[in-house]
Amino acid sequence: DDIILILVDSDGATTSQIINVEVKAIEEKQIREGLDVCNEGVVGDIDVKIREPDDNEEFSIKEEIEIKLELENNGNDDMDIIVKAILYNLDEDEEVETEKVKKIELEDNDDKTIKLTLKVPSDIVDDDYILFVKAFEDANENKNCAEDEIDIDIERKDHNIVINKISISPIN
């Protein structure tokens with residue numbers, strides 16, 4: 001849309017200019033207090049992308065989530081990268097399970113595929129979940145940090161119960 005900008009100086013002289021303004025919708029990210037996100041937001045020369053599982057893929061309790069990530073170092077320096085994969089409950093605003101990999105060596109302008117596994121806990125409730133990954137340079141998170149996330153559907157079947165302990169005593 002076009003708007004007219006009118007400027008008035010301290011002597012009362014005016015000038016006007018037609019300006020074209022384009023308004024774009026920006027996706028609003030939910031603020032997640034309990035999630036370990038990049039301290040300074042996504043910054044630097046690292047990229048991380050979740051390749052597996054698929055967005056909205058369904059898992060059951062006690063099932064292992066096989067995670068395949070692609071890491072990229074787009075910079076000119078070798079880096080030691082730390083990766084965290086987090087199963088996160090959006091409704092409760094809390095981390096449910098976390099897997100951390102220490103010091104993946106990533107050379108300048110190189111990429112690597114890594115695999116991680118998270119197990120869906122047996123005491124999980126029927127809420128909304130995401131799989132969140134964070135990759136950052138060891139001891140330099142404020143300079144190089146990246147994130148990615150996908151929705152995960154966790155199904156807890158009504159008849160699926162877990163018995164942790166049984167005790168049987170004879171009756172006399």
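Scroll up to find the structure this text is about.
Keep in mind that what you see is a predicted model, and the values were worked out from it rather than measured.

Student: Which residues make up the overall build of the chain, and what values do they have?
Tutor: Per the secondary structure count, the chain includes zero helices and 10 strands. When the elements of the chain are put in sequence order from the N terminus, they spell out β-β-β-β-β-β-β-β-β-β. Classification of the 172 residues of the chain by burial places 30% in the buried group. Taking as baseline every contact in the chain between residues at least 6 positions apart, the subset at least 24 positions apart corresponds to 66%. When the accessible surface of the chain is summed, it comes to about 11800 Å², and 41% of that surface belongs to carbon and sulfur atoms.

Student: Provide a residue-level description of the pattern of salt bridges, including the pertinent values.
Tutor: A side chain with one charge can pair with a side chain of the opposite charge if their charged atoms come near. Applying the stated criterion across every chain yields a total of six salt bridges. Here Lys134 and Asp36 are joined by a salt bridge, their closest N and O atoms 2.9 Å apart. A residue pair is termed long-range when its members are at least 10 positions apart, and Lys134 in strand β9 (residues 129-137) and Asp36 in the loop between β2 (14-20) and β3 (46-52) qualify at 98 residues. The partly exposed category is assigned to Asp36, whose relative accessible area is 26%. A salt bridge links Lys134 to Glu141; the nearest nitrogen and oxygen atoms lie 2.9 Å apart. Residue Glu141 is classed as buried on the basis of its relative accessible area, which comes to 15%. Among the charged side chains, a network of salt bridges with common partners joins Asp36, Lys84, Lys134 and Glu141.

Student: Report on the state of the cysteines, specifying residues and quantitative values.
Tutor: With the rule as written, the count across this model stands at one disulfide. One disulfide bridge connects Cys38 with Cys145, the sulfur atoms lying 2.0 Å from each other. Looking along the S-S bond of the Cys38-Cys145 disulfide, the torsion reads about -80°, which is the left-handed sense. With Cys38 in the loop between β2 and β3 and Cys145 in strand β10 (residues 145-155), this pair connects stretches of sequence that are 107 residues apart.

Student: Tell me about the environment of Leu116, and name the residues and values.
Tutor: Position of Leu116 relative to the elements: it lies in strand β8 (residues 110-119). Considering only alpha carbons, one finds Leu116 and Leu69, 47 residues apart in sequence, at a separation of 8.1 Å. Once residues lying within four places of it in the same chain are set aside, the contact partners of Leu116 are Ile65, Glu66, Ile67, Leu69, Val83, Ala85, Glu99 and Val101.

Student: Account for the sheet that holds strand β5 (residues 64-73), with residues named and values stated.
Tutor: Read across the open sheet, the three strands follow the order β3-β5-β8; overall the sheet is antiparallel. Each edge of the open sheet is held by one strand with a lone partner, namely β3 and β8. Neighbour to neighbour, the strand axes of the sheet diverge by 25° on average, direction disregarded. As paired strands, β3 and β5 are joined by six bridges and run antiparallel to one another. For Val48, the partnering residue across the bridge sits in β5 and is Leu71.

Student: Before we move on, can you summarise the side chain of Asn73 with the specific residues and values?
Tutor: In this fold, Asn73 is placed in strand β5. Of note is the side chain of Asn73, whose polar atom sits 2.9 Å from the backbone nitrogen of Gly75. Look past the residues within four positions of Asn73 in its chain and what remains in contact with it is Asp45, Asp78, Met79, Leu106, Glu107, Asp108, Asn109 and Asp110.

Student: Before we move on, can you summarise the sheet that holds strand β6 (residues 79-89) with the specific residues and values?
Tutor: Backbone-to-backbone hydrogen bonds join strands into a sheet, with any given pair of strands oriented parallel or antiparallel. The sheet built from five strands is open, its strands ordered β4-β10-β9-β6-β7 with mixed pairing. Of all the strands in the sheet, just β4 (57-60) and β7 (94-106) have a single pairing partner and so form its edges. Strand-to-strand twist of the sheet, defined as the mean angle between neighbouring strand axes without regard to direction, takes the value 30°. As judged from the nine bridges shared by β6 and β9, these two strands associate in the antiparallel manner. Each bridged residue has a counterpart across the sheet, and for Asn89 the counterpart in β9 is Tyr129.

The rules we used
Residues numbered from 1 in each chain as written. Predicted model: local features only at pLDDT ≥ 70, side-chain atom pairs only at ≥ 80, totals over all residues. Heavy atoms only, no water. Helix = DSSP H or I, 4+ residues; strand = E, 2+ residues; numbered from the N terminus. Buried < 20%, exposed > 50% of the residue type's maximum accessible area, 1.4 Å probe, protein only. Contact = heavy atoms within 4.5 Å. Areas by Shrake-Rupley, 256 points an atom, 1.4 Å probe, with all protein chains shown as cover. Salt bridge = Lys/Arg side-chain N within 4 Å of Asp/Glu carboxyl O. Disulfide = S-S within 2.5 Å. Pairing = 2+ DSSP bridges. Axes fitted to C-alpha atoms, helices over the stretch in contact; angles between N-to-C directions. Polar contact = N/O pair within 3.5 Å; in protein donor to acceptor, adjacent residues only side chain to side chain.

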